[in-house]
Amino acid sequence: MGRDYKRVSAEIERLNFMTKQENMQFIKNFFDSYYSKLYNEAPFLLANPCVPTEMISESESDTNEWTIWKLIPSRIDDAKIKEIENQLEVEFPEVLKSFFMTYHHMFEEPVGRNPINEPFWGLLNAFNESLAANGYLPFVWDEDHYFIRCFDLQNMPDEEKCPIVEIDHEEMFDLIYDAEENGKTLCKDDFAPHMRVIAENFYEYLNDILESS
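In this convention, every chain numbers its residues from 1, walking through the sequence in written order. Where local features are concerned, this predicted model is filtered to residues with pLDDT of at least 70; where side-chain atom pairs are given and counted, the filter is 80 or more; whole-chain, interface and lining totals use all residues. Processing note: side-chain calculations cover all non-hydrogen atoms of the structure and skip hydrogens and water entirely.

Colleague: If you had to explain the pattern of salt bridges to someone new, which residues and values would you point to?
Modeller: What counts as a salt bridge is simple: a side-chain nitrogen of Lys or Arg found within 4 Å of a carboxyl oxygen of Asp or Glu. Per the counting criterion, the structure on display carries 13 salt bridges. The partner of R75 in a salt bridge is E54, and the shortest N-O contact between them spans 2.4 Å. Pair noted here: R75 is in the loop between β3 (72–73) and α3 (78–88) and E54 is in the loop between β1 (47–48) and β2 (67–68), with a separation of 21 residues, a long-range link. Each residue is placed in one exposure class: buried if its accessible area under a 1.4 Å probe, protein chains only, is under 20% of its type's maximum, exposed if it is over 50%, and partly exposed if it falls in between. Accessibility expressed as a relative area gives 48% for R75, which makes it partly exposed. Each helix is a run of DSSP H or I of at least 4 residues and each strand a run of E of at least 2, with the numbering of both proceeding from the N terminus.

Now the structure itself:
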């Protein structure tokens, strides 16, 4: 996991409808780089009191019930992705599928946990049906748990042109509650003025996490 995290940024320049294999390699490079950076600079950020047994790092001993976790290959396959898509009634971008199908991890926001025992925890914790029904796929909260971050799916299947946006959760719920009280059906235009673009696409989003951590 010693890959230089700064090298990941160079890959942003060569994105062009990446294949599934390329997507998964990009995601793998992100996870390896991010884990290595935190392990070397701030290992306490990799400690958790509820690490599944298979994810406990062999090189670490338990201290005050907080254990360092490790990345392990994902057990999510196409069938499980299709199952969660059907449950949520939304189709995932290919890069998000690769995100879940590469590693199990316990990174907190703004990455969102994907442990082996709750592989879609981060996404389900942020998911909102009203947003998803109007072309925004919520997948994680921000670091302060104030903004919900989403894929704007308007330009699918061109994933490079699917920006990552965020919305103040209080503003979002105000819109939903007001619509329910007035018998109104919300549309994308209702949410759009409250969305702030934070990355041009998911690749840039992950790269920004590396650069800022």
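Colleague: Describe the pairing of strand β6 (residues 147–152), with residues and values.
Modeller: Burial runs high along β6: 5 of the 6 residues are buried. The criterion for strand pairing is that DSSP finds at least two bridges linking the strands in question. Looking at chain direction, strand β5 (residues 136–141) and β6 are connected through 5 bridges and run antiparallel. From the neighbouring strand, V140 faces β6, where its bridge partner is R149. Counting the residues that bridge the hairpin from β5 to β6 gives 5 residues, and of these H145 lies at a positive phi of roughly 55°.

Colleague: Could you give an account of unusual backbone geometry, naming the residues involved and the relevant values?
Modeller: In this structure, P110 follows E109 across a cis peptide bond, with omega equal to 10°. In this chain, M156 is followed by P157 through a cis amide linkage whose omega measures 10°. With respect to the secondary-structure elements, P157 resides in the loop between β6 and β7 (164–168). Even without a glycine there, the phi angle at E89 is positive, about 60°. By the secondary structure assignment, E89 is in the loop between α3 and α4 (94–102). Residue E89 is classed as exposed on the basis of its relative accessible area of 72%. With phi around 55°, H145 is a residue other than glycine that occupies positive phi space. Within the secondary structure, H145 sits in the loop between β5 and β6. The class for H145 is partly exposed, based on a relative accessible area of 40%.

Colleague: Can you break down the environment of E160 residue by residue, with the values?
Modeller: Here E160 shows up in the loop between β6 and β7. Look at E160 and you get partly exposed, because its relative accessible area is 22%. Along the backbone, E160 and N201 are 41 residues apart, and their C-alpha atoms lie at a distance of 5.5 Å.

Colleague: Can you tell me about the environment of E85, naming the residues and giving the values?
Modeller: Mapping E85 onto the fold places it in helix α3. Looking at E85, the relative accessible area reads 4%, which means it is buried. Note on contacts: a residue pair is in contact if any heavy atoms of the two residues lie within 4.5 Å. Non-local contacts of E85, meaning those with residues more than four positions away in its chain, are made with V90, E91, F92 and K97.

Colleague: Describe the sheet that holds strand β8 (residues 195–199), naming the residues involved and giving the relevant values.
Modeller: The antiparallel open sheet is built from 4 strands, whose spatial order is β5-β6-β7-β8. Across the chains shown, the open sheet's two edge strands, defined by having one partner strand only, are β5 and β8. Taking the axes of each pair of neighbouring strands and ignoring which way they run, one obtains an average angle of 40° across the sheet. Against the sheet, helix α9 (residues 202–212) makes contact with β5, β6, β7 and β8, and its axis sits at roughly 70° relative to β8, the strand it touches most. Under this scheme, a helix contributes an axis fitted over its contacting stretch, all axes are lines through C-alpha atoms, and angles between N-to-C directions fall in the 0 to 180 degree range.

Colleague: So what about the confidence of the model for the protein chain? Which residues, and what values?
Modeller: In the predicted model, the protein chain carries a mean pLDDT of 90, and 89% of its residues have values of at least 70. Per residue, pLDDT measures the predictor's confidence, with a range of 0 to 100. Scored below 50 in pLDDT, residues 12–16 makes 8 contacts in the model with residues more than four places away or belonging to other chains.

Colleague: Pulling in residues and values, what's your account of the side chain of T102?
Modeller: Tracing the backbone through its elements, the reader meets T102 in helix α4. Taking the relative accessible area as the measure of exposure, T102 reaches 11% and is therefore buried. Residues within four places of T102 in sequence aside, it is in contact with M24, I27, K28, I72, P73 and S74.

Colleague: Can you explain a negative patch on the surface? Please cite residues and give values.
Modeller: Negative charge collects at one region of the surface, where E170, E171, D174, D178, E180 and E181 lie side by side. On the secondary structure map, D174 appears in helix α7 (residues 169–181). Each patch groups residues whose relative accessible area exceeds 30% and which form no salt bridge, using 9 Å between like charges and 5 Å between nonpolar side chains of Val, Leu, Ile, Met, Phe, Trp and Tyr. We get accessible surface area from the Shrake-Rupley algorithm with a probe of 1.4 Å; when it comes to residues, only the shown protein chains can shield them. Within this scheme the basic residues Lys and Arg register as positive and the acidic residues Asp and Glu register as negative, but His and the chain ends are omitted. Taken as the charge centre is NZ of Lys, CZ of Arg, CG of Asp or CD of Glu, depending on the residue.

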